[in-house]
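Below, each chain spelled out in residue letters.
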Amino acid sequence: MTCSIASTSRKSVAILHTNLHLERCADYCVTIAKLVKLTADLPGEAGLIEAFEEMGLRAEQMLRVAVDSFANRNLARAESLVELDELIDRANRRAMEQVFEIADDLDKRRWGLRMLIVSRCLERIGDLAVDIGEQTAYLVTGEFREYTDASRPSLAGA
């Protein structure tokens, strides 16, 4: 009976945390939509637009994996989010570098600076997907552990 109570409590906590992460993802999507609307009249940079499309697809993929792993209690899929997150983190860093390279065109700089926020929002959606994966691991194993560690030196320069 005690095991059942612990399992039910763990499930409730994991669902509440996952719901919060999904709500935050939705908030980031609203921010992205507002920024895209705000920059509609500014000239964009084709390479960056492609990069953001790729990041958006990766973020969507990560959320699908996260929700699927949670629904199916699939620990291996949840753990795969770490590798997917590294890809979106790298894309975010590349986008930042590209924005810094925008030359003297003031309108392109305005667009680029707003797009940095879009890039950051997409990167955060990936992080939240990883957090959902961590909740899946907690639900399956009963132990909470973080999949990523921001202090890892190997990621700082990548």
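Just so it is clear, the model here is predicted, and its values are computed rather than measured. (Residues numbered from 1 in each chain as written. Predicted model: local features only at pLDDT ≥ 70, side-chain atom pairs only at ≥ 80, totals over all residues. Heavy atoms only, no water.)

Trainee: Honestly, the overall build of the protein chain in this entry has me stumped. Any pointers?
Mentor: Tallying secondary structure elements over the protein chain gives six helices and zero strands in all. Starting at the N terminus, the α and β elements of the protein chain follow one another as α-α-α-α-α-α. Overall size of the protein chain, expressed as C-alpha extent along the three principal axes, is 70 × 35 × 20 Å. Residues classed as buried in the protein chain amount to 34% of the 158 residues present. (Helix = DSSP H or I, 4+ residues; strand = E, 2+ residues; numbered from the N terminus. Buried < 20%, exposed > 50% of the residue type's maximum accessible area, 1.4 Å probe, protein only.)

Trainee: Please explain the pattern of salt bridges as it appears in this structure.
Mentor: For the structure on display, the rule yields nine salt bridges. Of the charged contacts, one joins Arg-124 and Asp-127 as a salt bridge, the two residues approaching to 3.0 Å between their closest N and O atoms. Separated by three residues within a single helix, Arg-124 and Asp-127 lie in helix H5 (residues 106–141), roughly one turn from each other. Asp-127 sits in the buried class, given a relative accessible area of 16%. It is possible to trace a salt-bridge network through shared partners that takes in Glu-86, Arg-90 and Arg-93. (Salt bridge = Lys/Arg side-chain N within 4 Å of Asp/Glu carboxyl O.)

Trainee: What exactly am I supposed to notice about the nonpolar core here?
Mentor: Proteins that are soluble and globular tend to have nonpolar side chains buried together. Counting residues in hydrophobic clusters, the biggest one holds 35 residues, and the most contacted among them are Leu-48, Phe-52, Met-62 and Leu-81. Those elements giving two or more residues to this core turn out to be helix H1 (2–38), helix H2 (46–72), helix H4 (81–100) and H5. With sequence-adjacent residues up to four places away left out, Met-62 is seen in contact with Leu-81, Leu-84, Asp-85, Ile-88, Gly-126, Ala-129 and Val-130. (Core = buried A, V, L, I, M, F, W, Y, C linked by side-chain atoms within 4.5 Å. Contact = heavy atoms within 4.5 Å.)

Trainee: Please explain H2 as it appears in this structure.
Mentor: Relative to the 39 Å expected for 27 residues at 1.5 Å per residue, H2 spans 39 Å between its end C-alpha atoms, a close match to the ideal helical length. Once H2 ends, the next one or two residues include Arg-73, with phi positive near 55°. (Expected span 1.5 Å × (residues − 1).)

Trainee: Any chance you could explain the side chain of Gln-135 here in plain terms?
Mentor: For Gln-135, the location among the structural elements is in helix H5. Judged by relative accessible area, which is 6%, Gln-135 ranks as buried. For Gln-135, the residues in contact, after removing those within four places along its chain, are Val-13, Ala-14, His-17, Thr-18, Phe-70 and Phe-144.

Trainee: Mind showing me how you'd approach the environment of Thr-136 here?
Mentor: Considering the arrangement of structural elements, one finds Thr-136 in helix H5. Put simply, Thr-136 and Arg-77 are 59 residues apart on the chain and 9.4 Å apart in space, counted from C-alpha to C-alpha.

Trainee: What am I meant to see in the packing of H2 against H4 here?
Mentor: Each pair of packed helices can be summarised by the angle the axes make with each other and by the distance between the axes. Here H2 crosses H4 at 160°, and the two axes come no closer than 10 Å. Classified by the angle between their axes, H2 and H4 sit roughly antiparallel to one another. Crossing hand, H2 versus H4: left-handed. Contact with H2, carried on its side by Gly-47, Leu-48, Ala-51, Phe-52, Glu-54, Met-55, Arg-58, Ala-59, Gln-61, Met-62, Val-65 and Ala-66, involves Leu-81, Leu-84, Asp-85, Leu-87, Ile-88, Ala-91, Asn-92, Arg-94, Ala-95, Gln-98 and Val-99 of H4 and no other residues of that element. Classifying every residue of the contact of H2 with H4 gives 15 nonpolar, four polar and four charged. (Axes fitted to C-alpha atoms, helices over the stretch in contact; angles between N-to-C directions. Parallel < 35°, antiparallel > 145°, perpendicular 65-115°, else oblique. Left-handed = near helix turned anticlockwise from the far one by under 90°. Nonpolar A, V, L, I, M, F, W, Y, C, P; charged D, E, K, R; others polar.)

Trainee: Is there a simple way to explain the confidence of the model for the protein chain in this structure?
Mentor: Caution is warranted with low-pLDDT regions, since their predicted coordinates should not be read in detail. Confidence along the protein chain averages 86 in pLDDT terms, with 91% of residues attaining 70 or more. By mean pLDDT, helix H6 (residues 153–156) is the weakest element of the protein chain at 42, and helix H3 (residues 75–79) is the strongest at 93. Low confidence marks residues 150–158, where pLDDT is under 50. Its contacts with residues over four positions away, or in another chain, come to four contacts. (pLDDT = per-residue confidence, 0-100.)

Trainee: Which parts of the structure should I look at to understand the packing of H2 against H5?
Mentor: Contact geometry for H2 and H5: axes closest at 9 Å, N-to-C directions at 15°. Viewed along their axes, H2 and H5 adopt a mutual orientation that is roughly parallel. Crossing hand, H2 versus H5: left-handed. Taken together, the residues of the contact of H2 with H5 sort by class into 17 nonpolar, six polar and one charged.

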